[in-house]
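Remarks on the overall topology
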Amino acid sequence: MSAGKRFPFIPRFGRLAGSIALSLSLLAGSLAAPQFAHAEGQIRIAEQFGIVYLLLNVVRDQQLIEKHGKAEGLDIKVDWQQLSGGSAVNDALLSGAIDIAGAGIGPLLTVWDRTHGRQNVKGVASLGNFPYYLLSNNPEVKTIADFSAKDRIAVPAVGVSVQSRFLQYAAAKQWGDKAFNRLDKYTVALPHPDATASLKAGGTELTGHFSNPPFQNQALENPDVHVVLDTYELLGPNSPTVLYATEKFRTENPKTYKAFVAALAEAADFAQHDKGAAADTYLRVTGAKISREDLLKIIDNEQFQFTVTPTNTYPLADFLHRVGAIKNKPASWQDYFFQDAAIGQGS
C-alpha cells in the first residue's frame with residue numbers, strides 16, 4: 001500500500017478527515033478572497049494536541065489574555081480552535097481564519113519562507129523545550145536505517161510538520177544531505193491520538209509514530225513499543241513547537257498582540273514553577289485520559305522547560321535551506337521570529 005492511500009485500519013478518522021477538509025477549504029478561501037484585518041480586541045488562536053501546548057491551556061484557563069487586555073484598557077474576545085498538522089494550521093493562518101498559529105518549528109520555517117517579503121509570517125514565542133520520540137512497534141526497527149517498505153510512520157503532516165523535518169534531519173545525518181527525504185515515502189498524516197491508539201494496538205501497517213508528550217509516553221506503556229530516535233539526542237534540547245503570526249496582525253493590533261505575549265510569559269512562569277497546578281490545568285482544559293500521577297511523571301523532569309524563549313531552532317533552519325526545502329536563508333533565528341518574540345537570549 002502506498003503512503004498516499006487511505007488506511008482502513010486506522011480508528012477514528014473523523015478528526016483527520018475534518019482537518020483535511022478544513023485545510024482544503026481554508027486554502028481555497030485564501031486564494032479566492034482578500035484578507036481583511038479585524039478590529040483591535042479580537043484574537044483567534046489555533047492549537048494542536050499534546051502537553052507541548054500546555055502554556056496555551058494555562059492562558060485559556062486563567063483568561064490571561066483578557067486580564068492583560070484590561071490592563072491596556074481593552075476588552076479582548078478570544079477564540080480557540082484545534083487543528084491537526086502544520087499544513088492545516090498554515091492554511092488557516094494564510095486564509096485569515098486565525099491570527100495566532102500553534103505548530104512546529106518546521107511549519108513556521110515553511111510559511112516564513114513562503115511569505116517572505118509579503119505577509120511576513122514570523123514567530124511570536126516558543127512554547128517550551130521538549131524531547132520528541134520516534135517510536136516503533138516493529139522489533140526489527142532499531143534505528144531509522146531499519147525502516148523499510150513494509151513500515152508506515154505517522155506524522156501530523158507529511159513533509160511539513162516538525163516531526164517530518166526531524167526525520168529528514170536524521171536521514172541527512174545517516175545518509176547525507178542528498179538523501180534527506182529518503183524516509184518520506186513511508187510517512188502518513190495522522191493526528192497524535194489516532195496514531196497512538198494504532199501503534200499501541202498493533203496488527204496494522206502503521207509500525208512507526210513520530211510523537212510528542214504525553215502520547216509518546218502512553219504508547220510506551222505497551223512493551224512492544226520502543227524508542228527509535230530521541231530529538232534531544234539528535235539536536236540537543238530544543239523548542240519543537242512555537243507560535244507565529246503575520247506581520248499585519250502584529251502591526252494593526254498592537255494592544256491585543258502585547259496582551260497575548262504578556263499572557264504567554266505569565267503562563268510560562270506559572271507552569272515552570274508549579275508543575276502540579278500546570279498538570280491540573282492540562283487535565284481540566286483538555287479532558288485528557290491520563291492520570292494526574294502519570295502526567296506529573298512526564299512533565300516534572302529537567303528535560304521539560306516551559307519557556308517562551310526559542311532554543312536551538314537555527315540548526316533545523318540552516319538544514320532546510322541547505323537541502324532546498326526553504327529558499328530564503330535566515331542569518332539567525334531572529335530572522336524568522338519577531339524582535340520582541342523572546343525574553344532572554346534565543347537561538
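Reading guide: rules and limits
- Residues numbered from 1 in each chain as written.
- Predicted model: local features only at pLDDT ≥ 70, side-chain atom pairs only at ≥ 80, totals over all residues.
- Heavy atoms only, no water.
- Salt bridge = Lys/Arg side-chain N within 4 Å of Asp/Glu carboxyl O.
- Helix = DSSP H or I, 4+ residues; strand = E, 2+ residues; numbered from the N terminus.
- Buried < 20%, exposed > 50% of the residue type's maximum accessible area, 1.4 Å probe, protein only.
- Core = buried A, V, L, I, M, F, W, Y, C linked by side-chain atoms within 4.5 Å.
- Contact = heavy atoms within 4.5 Å.
- Expected span 1.5 Å × (residues − 1).
- Axes fitted to C-alpha atoms, helices over the stretch in contact; angles between N-to-C directions.
- Parallel < 35°, antiparallel > 145°, perpendicular 65-115°, else oblique.
- Pairing = 2+ DSSP bridges.
- Phe/Tyr/Trp six-rings, centres within 6.5 Å; stacked < 30°, edge-to-face > 60°.
- Lys NZ or Arg CZ within 6 Å of the ring centre and 35° of its normal.

Let us look at the pattern of salt bridges. Throughout the structure, instances matching the rule amount to 14 salt bridges. Ionic pairing is found between Glu72 and Lys258, a salt bridge with its closest N-O pair at 3.2 Å. Of this pair, Glu72 sits in the loop between helix 3 (64–71) and strand 2 (77–82) while Lys258 sits in helix 11 (residues 254–273), and the two are 186 residues apart along the sequence. Under the relative-accessibility criterion, Glu72 is labelled partly exposed at 26%. As a salt-bridge pair, Lys297 and Glu293 come within 4.0 Å of each other at their nearest N and O atoms. Of this pair, Lys297 and Glu293 both sit in helix 13 (residues 292–299), four residues apart, which is roughly one turn of that helix. Several salt bridges share partner residues, and in doing so they unite Asp177, Asp318, Arg322 and Lys329 into one network.

What follows deals with the nonpolar core. With 91 residues, the main nonpolar core has Ile65, Tyr244 and Phe260 as its most contacted residues. Here this core gets eight residues from one element, more than from any other, and that element is helix 11. Excluding its chain neighbours within four sequence positions, the residues that come into contact with Ile65 are Ile43, Ile45, Val59, Ile76, Val78, Trp80, Ala259, Phe260 and Ala263.

For helix 12 (residues 275–286), spanning 12 residues, the distance from its first C-alpha to its last is 16 Å, which sits close to the expected 16 Å at 1.5 Å a residue. Three or more residues of helix 12 are buried, namely Lys275, Gly276, Ala278, Ala279, Thr281, Tyr282 and Leu283. Looking at the buried residues of helix 12, the elements they touch are helix 2 (54–61), helix 11 and helix 13. Backbone geometry just after helix 12 places Gly287 at a positive phi near 65°.

What follows deals with the packing of helix 6 (residues 162–175) against helix 14 (residues 314–322). Helix-helix packing is characterised by the crossing angle of the two axes and by the distance between the axes. At a minimum axis distance of 11 Å, the contact between helix 6 and helix 14 shows a crossing angle of 70°. Classified by the angle between their axes, helix 6 and helix 14 sit roughly perpendicular to one another. Between helix 6, through Val162, Arg165, Phe166, Gln168, Tyr169 and Ala172, and helix 14, the contact on the second element is made entirely by Pro315, Leu316, Phe319 and Leu320.

Turning to the pairing of strand 4 (residues 122–126), a few remarks are in order. Among the five residues that make up strand 4, four are buried, leaving the element largely enclosed by the rest of the structure. Note that strand 4 and strand 10 (residues 241–245) share four bridges and pair antiparallel. Following the sheet pairing, Ser126 is matched in strand 10 by Val242.

This part is about the packing of aromatic side chains. For the coordinates displayed, the defined rule picks out 10 aromatic pairs. Between Tyr169 and Phe319, the aromatic rings sit 5.2 Å apart at their centres with planes inclined by 75°, giving edge-to-face as the arrangement. With Tyr169 in helix 6 and Phe319 in helix 14, this residue pair connects regions lying 150 residues apart in the sequence. Residue classification places Tyr169 among the buried residues on the basis of a relative accessible area of 15%. An aromatic cluster of three or more residues is present, and its members are Trp112, Trp333, Tyr336 and Phe337. The positively charged end of Arg182 is found above the aromatic ring belonging to Trp175, 4.0 Å away from the centroid.

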